[in-house]
Every structure is written in structure tokens, then in C-alpha cells.
Amino acid sequence: MIYYDKMIRKLFLKGGRQTFFLMLILGMMIGLQTANAQEQAYVTYTNGTLTFDYGVKPTTGNVYDLNAGANEPAWKTVNPQVTKVEFTANFSKAHPTSLSYWFEGCTNLTDIEGIEYLNTSNVDHFFCTFQGCEKLTTIDVSQFNTSNAIIMAGMFSGCKSLASIDVSHFDTRKVLWTYFMFSGCESLTSLDLRCFDTQNVNYTNHMFAGCTKLKNLYISDKFDLSKVPENYSNNMFGGCVSIEGAIAYDPNYHNADKEEDDKQFANYKTGYCQKVVG
């Protein structure tokens, strides 16, 4: 800008029509520079609201970049103060690769707006995305594209006020970890996991633990935990005292003082799950 200022002063001294046109060209060049400023996805925090946007990143205020992999996002420090989350229409241009810890610890969050603008087609980590959102009563993840997901561990853990979660379309063919995925969802009464293809899952500890009101857990033959090794499905159904499947819940087996493999109960023939007929 200093360079441009010097040129403008010289042109003013010379005067005339030539000066006018040269100034016009300079103005266009400066405007073009501004228009071509790099656009990117970013997050801002103001007065309890966490906003996800896309455009020229602001240089002042509480502004954060997106995270990647299993890394915590920089805005996690303000999560306890967040009461509202909003995604702008512009954020649909963003292609995040991780949702790890995005809203973890948002204990006062009650409202999420514009989640339809969240493009998850490139996301591989959904690690603890909504963990601890204990005041959140509704959530719409029906548009989530999970075709590249490998981690869903703790995704909804501790969301004790959610009465329902529609994950009936989730693509889980690449998923490896689902431990603690729904743990502590105390208000859930039904879960439809018939679309869950768990052929690659190898870690399911505490997946439904603490879902005390969960009555109906629907699965299909694709819910295969044959790759889960010993001691990697511990307490999977611990505390699911209301569940109704092929057998009744055994509180003596699921003793809080011991950790037992539970994958044997993850079926609709001899376990706690159900199969929808028709």
C-alpha cells in the first residue's frame, strides 16, 4: 500500500486525463487484490454463540481455524460458555476432515442452527463430537455423510437429554471405533442401527453403557462384531436395564465392579437387540 500511495501522489502532481485513468487502473488493481483475498473456513465465538463460516477470515475477535484428525479444536476452551451454535450458508463451501471434539463439553448448548450446511463428506474423525452436550434435547444429523468415517467413538456420549437420535442412514463400513458412542444417553428409548455395517469395527467398549431407558435396539445381520478382540467390548451394555431383546437384561452379569465382554449380546437371536420384520 505504501508503494501505491507514492504512485498516486506523483500522478496528482502531473495532473490531467492520464492521471485519472491511471488512478482508475490502480483502484481496480487494489480492488482485485481485496477480492482475491484467500477465503477459508473459520469459527468465531461471541457472547455464547459459536459460528461456523466461510470467507475472508476476520483478523480481530475470537477467531479459530478448523482442526484435523483427533486433535482438539482451538475453540474448545470456550465450549463451556457456548449456548448456541450456528452454521452459515457460506459454510457449505467448507470441507472439514474432522469433527473431533467440536462441541465436547458444551454443557450449556441448547440450540444448533443451520446444521444442514455442514458438509461431512470428507470427515474421517467424529471423535467425541457432541460429548457432554447434556442440555441438548434435539439434534439433526440426518444429512450427515459418514462414508469416510473411521472413528465414531464417544460421538454422542453424555447427551443425556436427547430423547432420539436419527442415525438410520449412517454409513459405517469403514468405521473402526465405536466405543462410548452412545454412552450416558439416559433419555434414549429407541435406536435404529439397521444400517450399521460393523464389519471393520474392532473397539466397542461402553458403546451403550448408561442408556438406562433404552428399550429397543434395532440391528440387522450387518451388525457383525467378529473383529472385536477380547476385552474390547467391555461393558458394552452396562446399565441398559430397560432393554428388551431375545433375552432379558442380566444385572448380575453386568456388575459395576467387573468388566466383561459384551459382544455376545449384540445380536437379535440370543442377545439384547431386535430385528424389524417386514
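Going by the structure above, here's the rest.
If you're wondering where the values come from, they're calculated on a predicted model, not measured in any experiment. (Residues numbered from 1 in each chain as written. Predicted model: local features only at pLDDT ≥ 70, side-chain atom pairs only at ≥ 80, totals over all residues. Heavy atoms only, no water.)

Participant: How do you make sense of the nonpolar core when you look at a structure like this?
Facilitator: In globular proteins that are soluble, nonpolar side chains generally tend to be buried together. Membership of the largest hydrophobic core comes to 67 residues, with the highest contact counts inside it found for Phe156, Phe182, Phe208 and Phe237. Among the elements of the structure, strand E1 (39-46), strand E2 (49-56) and strand E4 (84-87) are those that each provide at least two residues to this core. Broken down by element, the residue count for this core peaks at 3 residues, all from E1. Excluding its chain neighbours within four sequence positions, the residues that come into contact with Phe156 are Phe130, Ile139, Val141, Ile165, Val167, Met181, Phe182, Ser183 and Cys185. (Core = buried A, V, L, I, M, F, W, Y, C linked by side-chain atoms within 4.5 Å. Buried < 20%, exposed > 50% of the residue type's maximum accessible area, 1.4 Å probe, protein only. Helix = DSSP H or I, 4+ residues; strand = E, 2+ residues; numbered from the N terminus. Contact = heavy atoms within 4.5 Å.)

Participant: Teacher, can you tell me more about the environment of His125 here?
Facilitator: Mapping His125 onto the fold places it in the loop between strand E5 (111-113) and strand E6 (190-192). Between the C-alpha atom of His125 and that of Leu99, which follows or precedes it by 26 residues, the distance is 5.9 Å. Of the polar contacts made by the side chain of His125, one reaches the side chain of Asp124; its length is 2.8 Å. (Polar contact = N/O pair within 3.5 Å; in protein donor to acceptor, adjacent residues only side chain to side chain.)

Participant: Is there a simple way to explain the environment of Val78 in this structure?
Facilitator: Inspection of the secondary structure assignment puts Val78 in the loop between strand E3 (62-64) and E4. Sequence separation between Val78 and Thr46 is 32 residues, and the spatial gap between their C-alpha atoms is 9.9 Å. When residues no more than four places from it in sequence are discounted, the contact partners of Val78 are Tyr45, Leu50 and Tyr64.

Participant: What am I meant to see in the pattern of salt bridges here?
Facilitator: Side chains bearing opposite charge may pair, as long as their charged atoms lie close to each other. Taken as a whole and judged by the stated rule, the model has 8 salt bridges. For Lys57, the salt bridge goes to Asp65, with nearest N and O atoms at 2.8 Å. Lys57 sits in the partly exposed class, given a relative accessible area of 28%. Residue Asp65 is classed as partly exposed on the basis of its relative accessible area of 38%. A salt bridge links Glu72 to Lys76; its shortest N-O distance comes to 3.9 Å. (Salt bridge = Lys/Arg side-chain N within 4 Å of Asp/Glu carboxyl O.)

Participant: In this structure, what is going on with the packing of aromatic side chains? I would like to understand it.
Facilitator: For the structure shown, the criterion picks out 27 aromatic pairs. Between Phe170 and Phe196, the ring centres sit 6.4 Å apart and the planes meet at 5°, which makes this aromatic pair stacked. Residue Phe170 is located in the loop between E5 and E6, and its partner Phe196 is located in the loop between E6 and strand E7 (216-218); the two are separated by 26 residues in the primary sequence. In this structure Phe170 comes out as buried when scored by relative accessible area, which is 1%. (Phe/Tyr/Trp six-rings, centres within 6.5 Å; stacked < 30°, edge-to-face > 60°.)

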